[in-house]
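# Commentary on secondary and tertiary structure
Residues per chain are reported as follows:
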Amino acid sequence: MRLVTGIVALVALVVPALLVRNAPRMPHRAHRVPPVALAARVVPKEELPPVEPVAIADLSPEDARAFNASIPFSTDPNPAARPFHLVGSADSQERAVDCLAAAEVYEAGDDALGERAVAQVVLNRIRHPAFPKTVCGVVFQGSERSTGCQFTFSCDGALLRWSPTPAAWTRARDIARMALHGTVFRPVGHATHYHTDWVVPYWSASLDKIVELHTHLFFRWAGWWGTPPAFNRGYVADEPNIALLAKLSPAHLGTAAADDTGPVGDPGASGLLFDVRKAANAIPASAIPAAVAGDQNVFLVTLPDDMLPDLYPALALRTCGDRPYCKFMAWLDTSKKPARLPPTGDQAAAMSFSYLRDEKVQYVKALWNCEQFRRPTPAQCMRRALPPAPVATPTPAASSEPTPLDGVRRKTPPAQNKAGAAAPATPASSTASSD
């Protein structure tokens, strides 16, 4: 009995071991980098790089992290950016601080390291030719679209859903103020792009990965466009009022009250922003004017008498549609509207409203005739032609001869004859000064 029990026990131990040892080897499935087709093109110096909307590859967070980890960091130098020094009027500077603080706290949360990095990216963009030239223009670029904005919080409704605590907002503004007055965050260098490590934007393959901070990866353009000489544009000290920031700062109450339901409008290189997209969508197609014959990007328009001046940008946006370039010029007086461009001097002086969009250079500007309409800021006014300068009446040149003294006899200089010889002198007594 003991022998049988021992044999059974031995079989119970040996057989499973033999089965495991001789089992067919199964291939081990290691986590591999998923295939992602990304364009990797270095834009030459002669061509301005496009600012592409954020389009995300269809990957799980784990696969995205694996793909991002497979992209090596650039081994080229990573020099620090030049210090930025804010200029302009006091109210414009306040709006610049607000826009930069909003980008920091909504993109990085209440985290000082992340906020400093985001602030540096915004300032780098201002100096790059591919981006707008104001702080608010950079931060809210593309925010008139429901998708495709450059900073996600500006078009995904985050500004309407939540607000930072007063303490977090104060800290973000302090960091923004330091960045705008000379403080440089060296680690990100000349980075103009970043994303979290659990997503893969399609533009990431055409940029150089330069640094990782927490869960964010920072990139600069490859080639010449990522080098310090490319960051050569100046700042436009004309920051706009951003309606959605009015609940965080009174500096943005100038052009429109905060609207808790409406989207923001159309910022550009000049920095102006209009809360008009909702109104534009409400304008019927029958109200869209026709383009000038021979140029489908130019519109010479007679404005409706019953339309509020604040809605002129809405009409312009509805008229221009998706055109990357559009020139919209409008008159209240139809007799002053030209049939073609360019307008005469009188026609230009009578123009009531103008709107120009040029996405190639990231420029959007809307202007009113402030002699016809009162606007809250001179930045919304058309420049008027200066009156002609008065013609200066020439004054006779001052004589180099001293003023004669009364009662003193003076000798008259000898006259010249036609041949240039001196004429005979007259007697001194005949030249006496008299009262």
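So, here is what we can say about the structure in this document. None of these values were measured; they are calculated from a predicted model.

### A look at the sheet that holds strand E2 (residues 207-213)
Ordered in space as E1-E3-E2, the three strands form an open sheet in which the pairing is antiparallel. A single partner strand is all that each edge strand has here, and the edge strands are strand E1 (193-196) and E2. The average undirected angle you get between the axes of adjacent strands in this sheet is 25 degrees. Bridge count for E2 against strand E3 (residues 216-221) is six bridges, and the pairing is antiparallel.

### Things to note about the state of the cysteines
A covalent bond between the sulfur atoms of two cysteines is referred to as a disulfide. All told, the structure shown has four disulfides when counted by the stated rule. Disulfide partner of Cys-99: Cys-136, at an S-S distance of 2.0 Å. Handedness of the Cys-99-Cys-136 disulfide follows from its S-S torsion of about 95 degrees: it is right-handed. With Cys-99 in helix H3 (residues 90-108) and Cys-136 in helix H5 (residues 135-139), this residue pair connects regions lying 37 residues apart in the sequence. Using a relative accessible area of 1% as the deciding quantity, one classes Cys-136 as buried. In this model, Cys-370 is linked to Cys-381 through a disulfide, with the two sulfur atoms separated by 1.9 Å.

### Here we look at the pattern of salt bridges
Summed over all chains, the structure comprises eight salt bridges. The closest approach of N and O atoms between Asp-91 and Arg-95, which form a salt bridge, is 3.8 Å. One end of the pair is Asp-91 and the other is Arg-95, both in helix H3 and four residues apart, which spans about a single turn. Since its relative accessible area comes to 41%, Asp-91 is described here as partly exposed.

### Details of the side chain of His-190
Inspection of the secondary structure assignment puts His-190 in the loop between helix H7 (166-180) and E1. Given the relative accessible area of 6%, His-190 is considered buried. Polar side-chain contacts of His-190 include one of 3.3 Å to the backbone oxygen of Pro-79. Leave out the neighbours within four places in its chain, and His-190 touches Asn-78, Pro-79, Ala-80, Ala-81, Asn-124, Arg-220, Gly-226, Pro-228 and Phe-231.

### Comments concerning the packing of aromatic side chains
Two aromatic rings are characterised by how far apart their centres lie and by the angle between their planes. Within this structure, the stated rule accounts for 13 aromatic pairs. With a centroid separation of 5.6 Å and 35 degrees between ring planes, the pair formed by Phe-131 and Trp-221 is classed as tilted. In this pair, Phe-131 is assigned in the loop between helix H4 (112-127) and H5 and Trp-221 in strand E3, connecting sequence segments 90 residues apart. Judged by relative accessible area, which is 1%, Phe-131 ranks as buried.

### Re the sheet that holds strand E5 (residues 325-331)
One open sheet holds the four strands; their spatial order is E4-E5-E6-E7, and the pairing between them is mixed. The open sheet has two edge strands, strand E4 (298-302) and strand E7 (363-368), and neither has a second partner. Direction aside, neighbouring strands of the sheet carry axes that sit 5 degrees apart on average. Two elements, strand E6 (residues 353-358) and E7, share six bridges in a ladder whose sense is antiparallel. The residue of E7 that forms the bridge with Leu-356 is Lys-365. Of the strands in this sheet, E4, E5, E6 and E7 touch helix H9 (residues 312-320), which is tilted by about 45 degrees from E6.

Cut-offs applied
- Residues numbered from 1 in each chain as written.
- Predicted model: local features only at pLDDT ≥ 70, side-chain atom pairs only at ≥ 80, totals over all residues.
- Heavy atoms only, no water.
- Pairing = 2+ DSSP bridges.
- Helix = DSSP H or I, 4+ residues; strand = E, 2+ residues; numbered from the N terminus.
- Axes fitted to C-alpha atoms, helices over the stretch in contact; angles between N-to-C directions.
- Disulfide = S-S within 2.5 Å.
- Buried < 20%, exposed > 50% of the residue type's maximum accessible area, 1.4 Å probe, protein only.
- Salt bridge = Lys/Arg side-chain N within 4 Å of Asp/Glu carboxyl O.
- Polar contact = N/O pair within 3.5 Å; in protein donor to acceptor, adjacent residues only side chain to side chain.
- Contact = heavy atoms within 4.5 Å.
- Phe/Tyr/Trp six-rings, centres within 6.5 Å; stacked < 30°, edge-to-face > 60°.

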